[in-house]
Amino acid sequence: MAGINKVILVGNLGKDPEIRTLESGAVVAKFPLATSETYRNKNNEKVEQTEWHNIVMWRGLAEIAEKYLRKGSKVFIEGKIRTRTYEDKDKNKRYVTEIEADNMLMLDGKGERTDFPSPADTYTPSSLPKTDIASDSSKPDVSDDLPF
């Protein structure tokens, strides 16, 4: 049986996305995402625990992140865990674990921009337009002929 590698996160960006364009022309965006949970300890004191996740987005999804995401933005991320290795300057083997995003849903309109897409717009690499966010005319027609 094949395994499943699926991650779903809802959190806030720790800083603006860092964007790079590779020699191949592919665009990559990286940013930290904070997820927090609150619980009560045995002394009934409220405790907040925050985890930080390294998010990586590629191509069209990275371009959307560059255009619309800012530090503090709340997002839903769906993707998979990837661990990669590299050698540091002292030739020591290092490991980094990242979340490679496949889907993103922007949950707020925070930031300086006023041209945010609807919070209900979900972006996947296959659904992204070549140059800009799809207009409202690309959304399916919703009929008033509902039976209820």
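No experiment lies behind these values; they were computed from the predicted model shown.

1. Some remarks on the environment of Ser36
Alright, step 1. Relative to the helices and strands, Ser36 resides in strand S3 (residues 27-40).
Alright, step 2. Taking the C-alpha atoms as reference, Ser36 lies 7.4 Å from Gly11; in sequence the two are 25 residues apart.
Alright, step 3. If we skip the residues at most four places from it in the chain, Ser36 touches Glu48, Gln49 and Thr50.
Alright, step 4. Among the polar contacts listed, one links the side chain of Ser36 to the side chain of Thr50, at a separation of 2.9 Å.

2. Focus on the nonpolar core
Alright, step 1. Counting 21 residues, the largest nonpolar core has Phe31, Leu33, Ile55, Met57, Leu69, Ile77 and Met104 as the members making the most contacts within it.
Alright, step 2. In terms of residue count, the dominant contributor to this core is helix H1 (residues 59-68) (five residues).
Alright, step 3. Not counting the four nearest positions on each side in its chain, Leu69 is found in contact with Leu13, Pro17, Phe31, Ile64, Val75, Met104 and Met106.

3. Describing the confidence of the model for the protein chain
Alright, step 1. Summary statistics for the protein chain give a mean pLDDT of 83 and a share of 73% for residues scoring 70 or more.
Alright, step 2. The model gives residues 129-144 a pLDDT under 50, and that stretch makes ten contacts with residues more than four places away or in other chains.

4. Here we look at the pairing of strand S5 (residues 74-87)
Alright, step 1. In terms of strand pairing, strand S1 (residues 7-13) meets S5 through six bridges, oriented antiparallel. Within S5, the position partnered with Val10 by the bridge is Phe76.
Alright, step 2. Both S5 and strand S6 (residues 93-106) contribute to a ladder of 13 bridges, which runs antiparallel. Paired with Val75 across the bridge in S6 is Met106.
Alright, step 3. Two successive antiparallel strands, S5 and S6, enclose a turn made up of five residues, where Lys91 displays a positive phi of approximately 65 degrees.

5. Observations concerning the pattern of salt bridges
Alright, step 1. One pass over the full model with this rule turns up six salt bridges.
Alright, step 2. Between Arg82 and Glu100 there is a salt bridge; the shortest N-O distance is 3.6 Å. On the criterion of sequence distance, the pair formed by Arg82 in strand S5 and Glu100 in strand S6 is long-range, its members being 18 residues apart.
Alright, step 3. Take Arg82: its relative accessible area is 38%, and that puts it in the partly exposed class.
Alright, step 4. Take Glu100: its relative accessible area is 24%, and that puts it in the partly exposed class.

The rules behind these values
Residues numbered from 1 in each chain as written. Predicted model: local features only at pLDDT ≥ 70, side-chain atom pairs only at ≥ 80, totals over all residues. Heavy atoms only, no water. Helix = DSSP H or I, 4+ residues; strand = E, 2+ residues; numbered from the N terminus. Contact = heavy atoms within 4.5 Å. Polar contact = N/O pair within 3.5 Å; in protein donor to acceptor, adjacent residues only side chain to side chain. Core = buried A, V, L, I, M, F, W, Y, C linked by side-chain atoms within 4.5 Å. Buried < 20%, exposed > 50% of the residue type's maximum accessible area, 1.4 Å probe, protein only. pLDDT = per-residue confidence, 0-100. Pairing = 2+ DSSP bridges. Salt bridge = Lys/Arg side-chain N within 4 Å of Asp/Glu carboxyl O.

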